[in-house]
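Chains, contacts and geometry: an overview
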Amino acid sequence: MPSTLFVLLLLAASCSLGRAMSRDEKLKLRNQVVEMFDHAYQNYMDHAYPADELMPLTCRGRVRGLEPSRGDVDDALGKFSLTLIDTLDTLVLLNKTVEFEAAVRRVLSDVRLDNDIVVSVFETNIRVLGGLLGGHSMALMLKEEGHHMRWYQDELLHMAKDLGLRLLPAFNTSSGLPYPRVNLKYGVRGPETRTGTETDTCTACAGTIILEFAALSRFTGDPVFEAHARRALDFLWEKRQRNSNLVGTTINIHSGEWVRRDSGVGAGIDSYYEYLLKAYVLLGDDQFLQRFNIHYASIMKYISQPPLLLDVHIHKPLLPARTWMDSLLAFFPGLQVLKGDIRPAIETHEMLYQVTKKHNFLPEAFTTDFRVHWAQHPLRPEFAESTYFLYKATGDPYYLEAGRTIMENLNRFARVPCGFAAMKDVRTGSHEDRMDSFFLAEMFKYLFLLFADPGDLRFDVEDYIFTTEAHLLPLSLSTAPYAPSVLTNRTMPPLEQELDDSNFDWTCPNTRLLFPDPAFPHNLREPIRSAVDKSCPRPAPYREPGMGAPPLRAQDFMANNPEHLELLRRMGVSLIHLKDGRVQLVQHATQAVSPIAAEDGVRFMQEMMELSSQQQKEQLPPRAIQIVSHPFFGRVVLTAGPAQFGTDLSKSSTGVRGFVTVAEPYSGCSEITNGEYVRGHIALLQRGQCMFAEKARHIQKAGAIGGIVVDDNEGSSSDTAPLFQMAGDGRNTDDVTLPLLFLFHKEGNILLEALKEHREVEVLLSDKARDRAAIFKGSDVHEVEEDCQTEATSPAASELEATSPPDDQDGAPAYGEDVSPTEADAPKVDPGEKKELEVDEDDTGQSVDRLLADWRDDLEAFRQMEKDEL
């Protein structure tokens with residue numbers, strides 16, 4: 001196997017191309033959306049109202065306390081007719097103004113907000129407060145038309161303010177982050193509240209407040225709501241991880257410490273990012289856009305691996321946090337459309353579409369190879385949301401067909417006599433007695449808008465912003481007066497001191513002008529379409545006798561072999577070097593020279609996946625490279641990656657100790673030319689150009705007792721990258737008997753700098769850092785240090801004389817010269833040249849202190865990784 005980690009993606013030709021959808025087809029589908037909404041809404045009103053939600057399998061309402069508890073899911077229920085409030089502005093969008101007016105009257109007469117019940121602050125804000133504000137916005141619009149709601153006197157707004165005041169006690173924390181739950185009647189303090197003891201909340205829970213609270217402040221003229229929401233966002237921004245500019249999933253509301261440090265764009269964080277961008281759109285505050293752009297750059301750098309979006313650790317953003325994705329991230333392509341970054345939106349959406357076609361719905365979570373991780377599907381609308389926004393951006397009828405697929409699957413698999421039932425298991429088609437309010441609030445809005453023409457709408461949706469629950473808030477609120485509250489006067493560094501205006505895009509894109517060429521999205525989608533196996537089956541091509549064996553086997557492949565690269569090209573396989581040093585293989589069957597070659601390419605990719613999987617089954621713990629010579633004396637430990645071959649350092653009580661020598665050639669990919677100096681030493685090599693096992697064999701032949709491979713990917717570090725294991729070459733590696741360890745670029749440079757500054761550098765290769773007393777057993781460590789300090793300041797020790805090498809060698813490494821980790825710049829010395837090495841005792845002490853300060857974090861990281869057995 002080559003000395004690279006392969007990311008494999010099987011791509012093939014599409015079954016069919018998108019075609020324009022006629023106006024009659026769109027009208028038919030639009031009307032079908034309305035019929036589906038009527039089926040869901042009327043069954044709620046007939047069988048569930050005034051309960052919060054409909055139970056569609058048993059045709060009754062879900063009343064909290066009367067049904068078995070479902071845990072945190074029930075925190076959305078507050079005995080306030082949740083589904084009706086959540087559906088108000090959907091009725092107007094679907095031109096059901098008579099039903100809307102009747103629904104508003106029901107809310108005003110029947111709904112109470114002072115119930116003695118503990119509810120989720122997040123869910124109540126986005127569903128109930130957002131629903132009341134969306135209903136208020138629609139009521140004002142209809143009243144201005146003069147045909148409906150002429151009696152309306154801001155009653156929904158008064159209810160919204162009452163609810164906002166009931167949520168405010170949750171914000172009474174030192175950080176400004178809200179408690180996750182609040183009692184609608186008693187707040188969060190006191191035994192009667194039955195809440196207020198929680199310490200943690202999710203980032204989205206605290207960061208998805210600003211749209212509703214700011215709208216409430218702008219509508220009512222009371223700034224207290226917006227001030228509290230801004231304070232919470234300020235605190236989250238202040239607590240972001242400053243190196244990665246990412247936020248964790250769960251945070252302590254009192255201390256601000258991250259409880260869960262995994263970061264993604266799905267559950268727990270999703271709408272925090274959404275609300276930063278939309279707060280800028282709604283309120284016009286540049287600060288929100290600045291923060292979003294900084295976060296977005298980090299998302300695209302660390303989390304986005306098109307078409308995948310994978311969680312990472314905020315402190316080590318190159319270290320994956322999990323190998324599966326949750327369905328809530330399906331909103332992200334829609335947010336990317338709003339940002340104006342359409343290409344990755346198209347790619348991720350296509351991946352989600354293929355998963356949808358494979359399982360009929362998006363599983364609640366699915367793996368990177370598109371298998372089910374969590375099988376439930378509670379009729380989430382995020383994929384429909386992104387489908388709508390991509391159609392708005394591209395005008396591509398392909399997204400109309402995607403919308404049709406969503407509708408067909410809902411009717412075929414989720415529709416029941418009393419509404420639509422959530423899927424308990426997408427694999428078996430079993431149902432759950434559940435129809436969440438967001439199904440009516442969001443799903444039918446986006447599907448209706450997808451198929452509707454502008455003339456089908458009573459108002460221009462471009463004049464509104466969609467909240468995360470798809471409630472409509474007018475953009476005119478940006479001009480409403482806002483008096484900042486004293487709550488926002490936190491002691492924080494001005495954003496302008498941290499940011500450079502040149503990094504930011506200051507406009508939101510006009511989606512109507514983004515893509516004048518509708519074919520462009522198709523060109524991006526085509527390579528991803530067959531990423532999900534069996535989404536586009538095709539018969540095996542005919543193979544002539546004698547042509548059964550593929551021309552290249554995965555175990556034989558070498559990334560630096562021109563002949564192998566040409567064979568890949570003929571099979572339609574391309575090789576892409578990623579920025580993190582990995583290599584991505586992508587197969588596009590239509591680019592193969594023949595159907596048989598395309599089939600060979602598929603087989604090659606399958607073999608490569610199997611080979612990669614086999615080599616990653618055994619996860620070895622990290623190893624240690626401890627610098628034991630003067631002036632380090634074992635105090636510096638570098639985190640190193642192991643090899644899956646050679647000496648197993650975990651079975652050695654002493655490790656392997658020796659002086660370091662730079663091998664020539666530095667790549668180690670051919671016979672070592674400075675073998676006289678490598679013999680009996682630990683050879684230093686550069687990653688790349690050949691397989692790790694090949695490097696090991698060359699230095700072993702030259703007499704080395706060990707090897708250290710330094711990453712050629714500049715800037716890589718164990719601080720941010722996952723542990724790297726060096727794989728074999730697919731052949732028997734029992735002949736390799738020396739230990740080989742891997743250092744990232746940062747740690748490798750530490751070793752190279754030590755070679756540059758000091759005459760000799762001795763290291764200990766071991767499975768873990770050794771106690772200094774054990775390393776220098778028989779001698780007092782302090783005496784050794786003092787003796788070496790005396791040596792370093794003596795005239796004899798300050799001369800570094802290079803010995804002339806044999807005639808057939810180019811020269812040995814001169815450690816007093818600059819050492820650069822490239823083969824072209826591998827350290828050399830002119831025979832007979834003598835250099836003076838000036839060593840000042842004070843400078844040496846300062847240099848060591850500086851190095852130790854820089855490496856303390858590496859030592860701690862190694863200990864933590866060893867503890868976790870990563």
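Preceding this paragraph is the structure being described.
So, a few notes on the structure that sits alongside this text. Fair warning: this is a prediction, and the values are worked out from it, not measured in the lab.

Reading the values: rules and limits
- Here the residue index of a chain counts from 1 through its sequence in written order.
- At least 70 in pLDDT is required for a residue's local features to be given in this predicted model, at least 80 for side-chain atom pairs to be given and counted, and no such filter applies to totals for whole chains, interfaces and linings, which use all residues.
- Values shown for side chains rest on all heavy atoms present in the structure; no hydrogens or waters enter the calculation.
- Throughout, a disulfide means two cysteine sulfur atoms within 2.5 Å of one another.
- Counting from the N terminus, the helices are DSSP H or I runs at least four residues long and the strands are E runs at least two residues long.
- When accessible area is computed with a 1.4 Å probe and restricted to protein chains, residues below 20% of their type maximum are described as buried, those above 50% as exposed, and intermediate ones as partly exposed.
- For the purposes of this section, nonpolar cores are sets of buried Ala, Val, Leu, Ile, Met, Phe, Trp, Tyr and Cys residues that join through side-chain atoms within 4.5 Å.
- Whether two strands pair comes down to DSSP finding at least two bridges between them.
- All axes here are fitted lines through C-alpha atoms, helices being fitted over the stretch that makes contact, and every angle between N-to-C directions spans 0 to 180 degrees.
- It only takes one pair of heavy atoms within 4.5 Å for two residues to be counted as in contact.
- Between 30 and 60 degrees the pair is tilted, below 30 it is stacked and above 60 it is edge-to-face, where a pair is any two Phe, Tyr or Trp rings, Trp via its six-membered ring, whose centres lie within 6.5 Å.
- Placement of a positive charge over a ring is assigned whenever Lys NZ or Arg CZ falls within 6 Å of the ring centre and within 35 degrees of the normal to the ring plane.

A word on the state of the cysteines
Inspection of every chain in the model, using the stated rule, returns three disulfides. Disulfide partner of Cys59: Cys418, at an S-S distance of 1.9 Å. Across the S-S bond linking Cys59 and Cys418, the dihedral sits near 95 degrees, which makes this disulfide right-handed. Of this pair, Cys59 sits in the loop between β2 (53–55) and β3 (60–62) while Cys418 sits in the loop between β16 (415–416) and β17 (419–420), and the two are 359 residues apart along the sequence. Here Cys418 falls in the buried class, since its relative accessible area comes to 6%. In this model Cys202 forms its disulfide with Cys205; the gap between the sulfur atoms is 2.1 Å. Measuring the twist about the S-S bond at about 90 degrees, one finds the Cys202-Cys205 disulfide to be right-handed.

Looking at the nonpolar core
Formed by 171 residues in total, the largest nonpolar core has its most connected members in Phe100, Ile210, Leu410 and Phe420. Element by element, the count of residues in this core is highest for helix α4 (residues 121–145), at eleven residues. If you look at the next biggest cluster of nonpolar residues, it comprises 25 residues, including Ile625, Val636, Val656 and Val761.

Here we look at the sheet that holds strand β7 (residues 250–252)
On the basis of which strands lie adjacent, the open sheet formed by three strands has the order β6-β7-β8 and antiparallel pairing. The strands lining the two open edges of the sheet, one partner per strand, are β6 (200–202) and β8 (258–260). Taking the axes of each pair of neighbouring strands and ignoring which way they run, one obtains an average angle of 35 degrees across the sheet. Where β7 meets β8, two bridges bridge the pair, whose relative direction is antiparallel. Pairing of Ile251 across the sheet is with Trp258, part of β8.

Thoughts on the environment of Ala170
Position of Ala170 among the secondary structure elements: in the loop between α5 (155–167) and β5 (181–183). For the pair Ala170 and Val182, spaced twelve residues apart in sequence, the C-alpha separation works out to 5.9 Å. Non-local contacts of Ala170, meaning those with residues more than four positions away in its chain, are made with Val121, Leu177, Pro178, Tyr179, Val182 and Val188.

Digging into the sheet that holds strand β14 (residues 365–367)
The strand order across the open sheet built from three strands is β13-β14-β15, with neighbouring strands paired in antiparallel fashion. The open sheet terminates on both sides in strands that have one partner only, identified here as β13 (324–326) and β15 (372–374). Looking at each pair of strands side by side, their axes are set apart by 30 degrees on average, direction ignored.

Side note on helix α7 (residues 210–220)
Of all eleven residues in α7, nine are buried, a share of seventy percent or more. Three or more residues of α7 are buried, namely Ile210, Leu211, Glu212, Phe213, Ala214, Ala215, Leu216, Ser217 and Arg218. In the segment just after α7, Gly221 is the residue with positive phi, at about 80 degrees.

Some points on the packing of aromatic side chains
This model, assessed by the stated rule, comprises 26 aromatic pairs. Ring geometry for Phe439 and Phe444: centres 4.9 Å apart, planes at 70 degrees, overall edge-to-face. Of the two residues, Phe439 and Phe444, neither departs from the other in class, the shared state being buried. On the numbers, 5.3 Å between centres and 85 degrees between planes, the contact of Phe742 with Phe744 is edge-to-face. By relative accessible area, which is 1% here, Phe742 ends up buried. Among the aromatic side chains, those forming a connected cluster through ring pairs are Phe37, Tyr41, Phe420, Phe439 and Phe444. It is Arg105 that lies over the ring of Trp151; its NZ or CZ is 4.1 Å from the centre. Above the plane of the ring of Trp324 lies Arg322, whose end atom (NZ or CZ) is 3.8 Å from the centre.

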